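Geometric and topological summary
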Amino acid sequence: FLLLSGGIAQQPGDALLPSALPQKVSATGGLTLTLESAFRAHTLKGESFAYVTFSPDGKTLATGTSDGTARLWTLAGEPRLRVENGNMVFKVRFDASGERFLTAVYDGTAKLWGRDGKLLRTYAGHRSAVTDALFLERDAVATGSDDGAVVVFDTGGKELARVTQRGVARNQAASPGGKQLACGFDSGAVRVTDERGKVLHAFESGQGRINDVRFSPDGKRLLTSGFDGTARLWTLDGRPLASLAAGDGDWVYNAQFSRDGALIGAVSGTGLITLWTAEGKKLAEFRSPHGRVNSIDFSPTEDRFAVIDHNGVLLMFAYQQAR
């Protein structure tokens, strides 16, 4: 069963969490989970969304949401930084040093911030909302947009390349080392390019809208999250490896590999959170008490993961699996 223990951290002055946390869930493979912290990172209502990611050293959490802010937190939920973006924030991404981070903003820009909250640069190369922004090799930056384009910028903000495809460019992922870029589109298409935008591989996922795409830690596989309620594993050239029914009949918003690639975690529109082996065997599933879960991220340094729901409530778990 799922072990839920440990303290629950509260953002100072915040109200109590809206409902009781889940107490247990069936699990296999010797997997146990321990709740380490739970706090309200943002107060969100209506058709809201939220995103969470760990810093490269695993000591900081960053969140970005439809309230227009990006925020940094300790793992226990203590606030460290808040930056205003002037419009909805779709994604937050750290650079390799963890000293800078990008925000993807609805106003058609990506913003580069220092850990001190200073705005360092604004990237503007799109006609509509920027849905994702991330770092590539040599500090290049890639941005994707509702206008259907993925644009690669150099360190000074000059456009280096542009990749287009029918449908919204929903999200991107950088390979380990940042030499390749995977692009997921609303049409269900996936494109893998080099850092200059040259298309290396192209395939159709059959998932409808691609909500998220990730490289495996070894850079040899892709993981896509789809409108059709599945997360799917692929070779880089589009050969299917596994299909995970991770959405409980609803969208899979986000799926991620653990740091060693041994686990996959996925979150869905019904609040279902599932854990799988990298071969596609389900280990555990449980449902958030707060509804739709938008994002999951595994720590790059320790065996833990964080999820955030559409109300802005963040839960963090440690996990242990028998070897």
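Scoring rules and cut-offs
- Residues numbered from 1 in each chain as written.
- Predicted model: local features only at pLDDT ≥ 70, side-chain atom pairs only at ≥ 80, totals over all residues.
- Heavy atoms only, no water.
- 1 Å grid on protein atoms, 1.4 Å probe; cavity = no way out; pocket = protein on both sides within 12 Å on 5 of 7 lines; lining within 4 Å.
- Points joined across faces, edges and corners; volume = space filled by probe spheres on them.
- Helix = DSSP H or I, 4+ residues; strand = E, 2+ residues; numbered from the N terminus.
- Salt bridge = Lys/Arg side-chain N within 4 Å of Asp/Glu carboxyl O.
- Buried < 20%, exposed > 50% of the residue type's maximum accessible area, 1.4 Å probe, protein only.
- Pairing = 2+ DSSP bridges.
- Core = buried A, V, L, I, M, F, W, Y, C linked by side-chain atoms within 4.5 Å.
- Contact = heavy atoms within 4.5 Å.

It is worth spelling out empty space enclosed by the protein at this point. All chains considered together, the criterion is met by one cavity of 30 Å³ or more. When its volume is computed, the largest cavity comes out at roughly 40 Å³. In terms of lining, the largest cavity is formed by Ile 273, Ser 288, His 290, Val 293, Val 307, Ile 308, Asp 309, Val 313 and Leu 315. Listed by contribution, the elements that provide at least two residues to the lining of the largest cavity are strand E27 (304-309) and strand E28 (313-321).

A separate point is the pattern of salt bridges. The full count for this structure, using the stated rule, is 22 salt bridges. Measuring nitrogen to oxygen at the nearest pair gives 2.8 Å for the salt bridge that ties Arg 214 to Asp 212. Linked by salt bridges that have partners in common, Glu 137, Arg 138, Lys 179 and Glu 195 make up one network.

What follows deals with the pairing of strand E24 (residues 272-277). Counting buried residues along E24, six of its six residues qualify, which places the element largely inside the surrounding structure. The alternating pattern of E24 places Leu 272, Thr 274 and Trp 276 on one face and Ile 273, Leu 275 and Thr 277 on the opposite face, and all of these are buried. Bridge count for strand E23 (residues 263-268) against E24 is five bridges, and the pairing is antiparallel. Bridged to Leu 263 within E24 is Thr 277. What sits between the antiparallel neighbours E23 and E24 is a turn of three residues, in which Gly 271 has the positive phi angle 90 degrees. Looking at chain direction, E24 and strand E25 (residues 282-287) are connected through five bridges and run antiparallel. Bridge pairing in E25 places Thr 274 opposite Glu 285. Here E24 folds back onto E25, and the loop between the two strands holds four residues, one of which, Gly 280, carries a positive phi near 100 degrees.

Of all hydrophobic cores here, the largest spans 20 residues; its most connected members are Leu 31, Leu 33, Phe 305, Val 307, Leu 315, Phe 317 and Tyr 319. At the level of elements, strand E1 (31-40), E23, E24, E25, strand E26 (293-298), E27 and E28 are the ones that each hand at least two residues to this core. Within the second largest apolar cluster, 15 residues are counted, among which are Phe 90, Leu 112, Val 151 and Phe 153.

Okay, the environment of Leu 160 next. Position of Leu 160 relative to the elements: it lies in strand E13 (residues 159-164). Of the residues examined, Leu 160 reaches a relative accessible area of 31% and is grouped as partly exposed. Taking the C-alpha atoms as reference points, Leu 160 and Arg 93, 67 residues apart in sequence, are found 20 Å from one another. Setting aside residues up to four positions removed in sequence, Leu 160 forms contacts with Val 152, Phe 153, Asp 154 and Arg 196.

All quantities given are derived from atomic positions and should not be read as evidence of function.
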